[in-house]
Amino acid sequence: YTVDAEDAPTVPVVTLKNVQTCKFDVANPGFNDAHHLLRCIQMPNLYAMDLYIGFEQKDQSPPENSEAFDLLPDPSIHANLRHLRLTTNFISNFWRYSEARFLKESRSKGKLYGFILTLDASRVPFLTSLTLRTNFDFRLTGTQFFPLRRLELDKCARVTRALLKDLRKGL
């Protein structure tokens, strides 16, 4: 579903009381109003969510956290959300181009920093299961992590030890 910028404010709020699982695939969230559309869909009984976010624009700047995490449901309305499968990916050519440009501009002597997506645990405070698939470095922040019991890292080539330290501190 595509929402034009001029139509975004007119999208009505819809409540889907019987929906327990859902899947959203969003491409280039910084270039469309997908976050506005998803905010208009309320699913108070939502239990599990698959969220795929693809960054596919070749010349796009590194994504901001808000581009990915504004797509998560409002925890005050979706208090039953327990399982989240989050996939955030970018195309290889985009990464090589952007990382090479970053290294050149930062004069970092060849050290690869990468782009880090940081999820504040307060955005999903009730999760018991998180499956993460990403080619970004990923971090978790928040004063108290959700009651996480299961974490699956699936094809997370750039996840560093910092994520494991975050988990150790927060759980």
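Here is what the cut-offs are and how they apply
Every chain begins its residue count from 1, and numbering advances along the sequence as written. Per-residue local features of the predicted model are confined to residues with pLDDT of at least 70, and side-chain atom pairs are confined, for both listing and counting, to 80 or more; whole-chain, interface and lining totals are unaffected and use all residues. Just so you know, side-chain values use all the structure's heavy atoms and leave hydrogens and water out. A 1.4 Å probe rolled over the protein chains alone gives each residue an accessible area, and that area as a share of the maximum for its type sets the label: buried under 20%, exposed over 50%, partly exposed in between. Any Phe, Tyr or Trp ring, taking Trp's six-membered ring, that has another such ring centre within 6.5 Å forms a pair; planes under 30 degrees apart are called stacked, those over 60 apart edge-to-face, and the others tilted. Labels follow the DSSP assignment, with helices taken as runs of H or I lasting at least four residues and strands as runs of E lasting at least two, numbered in each case from the N terminus. Strand pairing is assigned whenever DSSP identifies at least 2 bridges connecting the two strands. An axis is simply a line fitted to the C-alpha atoms; with a helix, the fit covers only the stretch in contact. Between two such axes, the angle follows the N-to-C directions and lies from 0 to 180 degrees. Think of a 1 Å grid over just the protein atoms. A cavity is a set of points where a 1.4 Å probe fits yet cannot get out, a pocket is an open set with protein on both sides within 12 Å along at least five of seven lines, and lining residues have an atom within 4 Å of a point. Grid points are joined across faces, edges and corners, and a volume is the space filled by probe spheres set on the points. Each residue gets one label: Ala, Val, Leu, Ile, Met, Phe, Trp, Tyr, Cys and Pro are nonpolar, Asp, Glu, Lys and Arg are charged, and the others, such as Gly, are polar.

Q: Residues and numbers for unusual backbone geometry, please.
A: Not every positive phi belongs to a glycine, and lysine 155 is a case in point at roughly 55°. By relative accessible area, which is 63% here, lysine 155 ends up exposed.

Q: So what's going on with the packing of aromatic side chains? Which residues, and what values?
A: The final tally for this structure, using the stated rule, is one aromatic pair. Their ring planes at 75° and their centres at 6.2 Å tell us that phenylalanine 69 and phenylalanine 138 sit as a pair that is edge-to-face. Of this pair, phenylalanine 69 sits in helix α2 (residues 65-69) while phenylalanine 138 sits in strand β8 (residues 137-141), placing them 69 residues apart in sequence. For phenylalanine 138, a relative accessible area of 1% corresponds to the buried category.

Q: Give a description of the sheet that holds strand β5 (residues 83-90) that names residues and reports values.
A: Strand pairs in the sheet, formed through backbone hydrogen bonds, run parallel or antiparallel to each other. Pairing within the open sheet is parallel, and its five strands lie in the order β2-β4-β5-β7-β9. Either end of the sheet is taken by a strand with one partner, and the two such strands are β2 (21-27) and β9 (150-153). Mean inter-strand twist for the sheet, computed between neighbouring axes without regard to direction, equals 10°. The pairing of strand β7 (residues 129-134) with β9 spans four bridges and is parallel. Along β9, the bridge assignment pairs threonine 131 with glutamate 152.

Q: Go over the pairing of β7, please, and point to the residues and values.
A: With five of six residues buried, β7 lies mostly within the body of the structure. Direction of pairing for β5 relative to β7: parallel, over a ladder of six bridges. Paired with threonine 87 across the strands is arginine 133, a residue of β7.

Q: Explain empty space enclosed by the protein to me, using residue names and the numbers behind them.
A: The full count for this structure, using the stated rule, is one cavity of 30 Å³ or more. Within this model, the largest cavity holds a volume of roughly 40 Å³. In this structure, the largest cavity is lined by Pro73, Pro75, His78, Leu81, Arg123, Val124, Pro125 and Phe126. Of the residues belonging to the lining of the largest cavity, the class tally is six nonpolar, one polar and one charged.

Q: Could you give an account of the pairing of strand β6 (residues 116-120), naming the residues involved and the relevant values?
A: Judged by which residues are buried, β6 turns out to be one-sided: Leu117 and Leu119 face inward and are buried, whereas Ile116, Thr118 and Asp120, on the alternate face, are not. Relative to β8, β6 is paired through five bridges, and the arrangement is parallel. Within the sheet, the bridge partner assigned to leucine 119 lies in β8 and is leucine 140.

Fair warning: the whole summary comes from geometry, so function is off the table for now.
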